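# Tertiary structure, described
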Amino acid sequence: MLDRRKFIKASALSAVALAVDKSSATAMVASNPLSIIGKPIVISTWDFGIPANKAAWKVLEKGGRALDAVEEGVHVPEADPSIQTVGYGGLPDRDGHVTLDACIMDEFGNCGAVAGLEHIVHPISVARMVMEKTPHVMLVGDGALQFALENGFKKENLLTKESEAAWKEWLKTAKYAPVMNVENKLYDKAAPTKLPGNQYNHDTIGMLAIDIKGNLSGACTTSGMAYKLRGRVGDSPIIGAGLYLDNEIGGATSTGVGEEVIRNVGSFLVVELMRQGFSPEEACKEAVMRIIKKKPEIAKKIQVGFLALNKKGEYGAYAIQTGFSYAVCTAEKNDLLIPGKSFYK
Ligand code: ASP
């Protein structure tokens, strides 16, 4: 269990180190043996993170491993056809194919990923199998499907009537014009919004969890950008971009326009900044600022959000645009929804 006196002392020390020099805090933070042993936590992106976290919590509260928790957790949006940005019912690419991207990472630094995977409801579980059953990290397209089928996954049609109708509507103009942050309105029970299909353009679930032993794992899964070019892969299945973690430091995940996240190796950057002593929110903000500084004109029109969790169980997020939300679940509260801070208000 966490020793409170040690915790206060360590926090005070890191605060002093931060005030003096971030780089000199590196050694101190890295050698800090404290983590939240005995206090599991799971956090994930967007409003749909709430039911996903609850599923993950069922594993964590029984003392289960964070890796199992994140896999169970993201299964929820993957299987939910009303969420048109993840898994079954995801909006297709411009040619009508639902192609899924996912990755997973454990406390030992093992990772697995699939990209452009079709016909499988739970790409995250295929990613886990790539991690555990092969010497590789990523399988793509037909090869990923072949591997999934050989390992007992069922081939299914992922294109629901609703997503097919939305795609056909989009085909009338075939204009790709992403509308930012409209998706969260879908889950706003107080003000449900019905938007035309071509406006649900993206939103990934990225999930990070710490289990009772204080170990960290993460998962990230998406159907990617709606009506993307066939073969386009975003940040979500790329380790270091859509997801990264280091069991000594913490983890990060991202959502939004994946191209900008890949260009800045976003999640890796967030974790490395936390290693240097940044808080989760400060680290996410710095990663967002890299995107804005490099491409200010593009950044005005796109959304990217980062979410991070450090080994002490502290979490934070930051996005380019307003509207990003994240869900937090602990023993005290299982359905906390927090609006992420953003550069543009
Ligand atoms: N990051 C995902 C992608 O670029 C989409 C999203 O999160 O909105 O494919």
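Residues numbered from 1 in each chain as written. Predicted model: local features only at pLDDT ≥ 70, side-chain atom pairs only at ≥ 80, totals over all residues. Heavy atoms only, no water.

## Description of the overall build of the protein
- Broken down by element type, the protein carries eleven helices and 13 strands.
- Considering the protein as a whole, with its 345 residues, one finds that 57% of them fall into the buried category.
- Working note: accessible area of the protein is about 14700 Å², and carbon and sulfur atoms make up 57% of it. (Helix = DSSP H or I, 4+ residues; strand = E, 2+ residues; numbered from the N terminus. Buried < 20%, exposed > 50% of the residue type's maximum accessible area, 1.4 Å probe, protein only. Areas by Shrake-Rupley, 256 points an atom, 1.4 Å probe, with all protein chains shown as cover.)

## What about the site of the ligand?
- Neighbouring residues of the ligand: twelve residues in total, closest Asp-203, Thr-204, Arg-232, Asp-235 and Gly-256.
- Note that a nitrogen atom of the ligand is positioned 2.6 Å from one of the side-chain N or O atoms of Asp-235.
- Protein contacts shield 100% of the accessible area of the ligand, which totals 270 Å² for the unbound molecule.
- Partitioned by chemical class, the residues of the shell around the ligand number one nonpolar, eight polar and three charged. (Near = heavy atom within 4 Å. Polar contact = N/O pair within 3.5 Å; in protein donor to acceptor, adjacent residues only side chain to side chain. Nonpolar A, V, L, I, M, F, W, Y, C, P; charged D, E, K, R; others polar.)

## Concerning a nonpolar patch on the surface
- Together, Val-137, Met-138 and Val-140 line one region of the surface with nonpolar side chains, adding up to about 230 Å² of accessible area.
- Following the sequence through the fold, Val-137 ends up in the loop between helix H5 (123-133) and strand E4 (138-140).
- Judged by relative accessible area, which is 41%, Val-137 ranks as partly exposed. (Patch = residues over 30% accessible without salt bridge, like charges linked within 9 Å, V, L, I, M, F, W, Y side chains within 5 Å. Salt bridge = Lys/Arg side-chain N within 4 Å of Asp/Glu carboxyl O.)

## Quick word on the side chain of Ser-163
- Mapping Ser-163 onto the fold places it in helix H7 (residues 161-173).
- Of the polar contacts made by the side chain of Ser-163, one reaches the backbone oxygen of Gly-89; its length is 2.6 Å.
- What Ser-163 contacts, discounting residues up to four positions off in sequence, is Gln-84, Gly-89, Gly-90, Leu-91 and Pro-92. (Contact = heavy atoms within 4.5 Å.)

## A short note on the pairing of strand E1 (residues 41-45)
- The element E1 is largely enclosed, with a buried count of five among its five residues.
- Of the two faces of E1, the one holding Ile-41, Ile-43 and Thr-45 and the one holding Val-42 and Ser-44 are both buried throughout.
- With five bridges joining them, E1 and strand E11 (residues 325-330) adopt antiparallel strand pairing. By the bridge assignment, Ser-44 is partnered in E11 with Ala-327. (Pairing = 2+ DSSP bridges.)

## Some points on the packing of helix H9 (residues 266-275) against helix H10 (residues 280-294)
- Orientation of H9 relative to H10, taken along the N-to-C sense of each, is 135°, at an axis distance of 8 Å. It follows that H9 is oblique to H10 by the angle criterion. Taken as a pair, H9 and H10 cross one another with a handedness that is right-handed. Only Pro-280, Ala-283, Cys-284, Glu-286, Ala-287 and Arg-290 of H10 make contact with H9, whose side of the interface consists of Gly-266, Leu-269, Val-270, Leu-273 and Met-274.
- Tallied by class, the residues present in the contact of H9 with H10 amount to eight nonpolar, one polar and two charged. (Axes fitted to C-alpha atoms, helices over the stretch in contact; angles between N-to-C directions. Parallel < 35°, antiparallel > 145°, perpendicular 65-115°, else oblique. Left-handed = near helix turned anticlockwise from the far one by under 90°.)

## Some points on unusual backbone geometry
- With a phi angle near 70°, His-119 is a residue other than glycine that sits in the positive phi range.
- Of note in this structure, Tyr-227 is not a glycine but carries a positive phi near 60°.
- Looking at the secondary structure, you find Tyr-227 in the loop between strand E6 (216-222) and strand E7 (243-246).

## A few points about the pattern of salt bridges
- Considering all chains together, one arrives at 17 salt bridges under this definition.
- In this structure, Glu-71 and Arg-128 form a salt bridge, with 2.7 Å as the shortest nitrogen-oxygen distance. Of the two residues, Glu-71 is situated in helix H4 (residues 66-79) and Arg-128 in helix H5; the sequence distance between them amounts to 57 residues.
- Glu-164 is the salt-bridge partner of Lys-168, the closest N and O atoms lying 3.2 Å from each other. Of the two residues, Lys-168 and Glu-164 both sit in helix H7, four residues apart, roughly one turn of that helix.
- Under the relative-accessibility criterion, Lys-168 is labelled partly exposed at 45%.
- Overlapping salt bridges, with partners in common, bring together Asp-68, Glu-71, Arg-128 and Glu-132 in one network.

## A word on the packing of helix H3 (residues 49-60) against H4
- Orientation of H3 relative to H4, taken along the N-to-C sense of each, is 150°, at an axis distance of 7 Å. By the angle class used here, H3 and H4 are roughly antiparallel. Like other packed secondary-structure pairs, H3 and H4 cross with a definite hand, here right-handed. Contact with H3, carried on its side by Pro-51, Ala-52, Ala-55, Ala-56, Val-59 and Leu-60, involves Ala-66, Asp-68, Ala-69, Glu-72, Gly-73, Val-76 and Pro-77 of H4 and no other residues of that element.

## Details of helix H6 (residues 141-150)
- What H6 keeps buried is the set Ala-144, Leu-145, Phe-147 and Ala-148. One side of H6 holds all its buried residues, which, seen down the axis, span an arc of 160°. Within H6, the exposed residues directed more than 90 degrees away from the buried face are Asp-142 and Glu-150.
- Considering only its buried residues, H6 is in contact with strand E3 (111-117), H5 and E4.
- Following H6 by one or two positions, Gly-152 has its phi on the positive side, about 95°. (Arc of directions from axis to C-beta.)

## Some words on the sheet that holds strand E10 (residues 315-319)
- The mixed open sheet is built from five strands, whose spatial order is E7-E8-E9-E10-E13. Sheet topology places E7 and strand E13 (341-342) at the edges, where each strand pairs with a single neighbour.
- Direction of pairing for strand E8 (residues 250-256) relative to strand E9 (residues 304-310): antiparallel, over a ladder of seven bridges. Across the sheet, Gly-251 pairs through a bridge with Leu-309, a residue of E9.
- Together, E7, E8 and E9 form the strand contacts of H9, whose direction differs from that of E8 by roughly 145°.
- In the packing of H10 onto the sheet, contacts are made with E9, E10 and E13, and the angle to E10 comes to roughly 20°.

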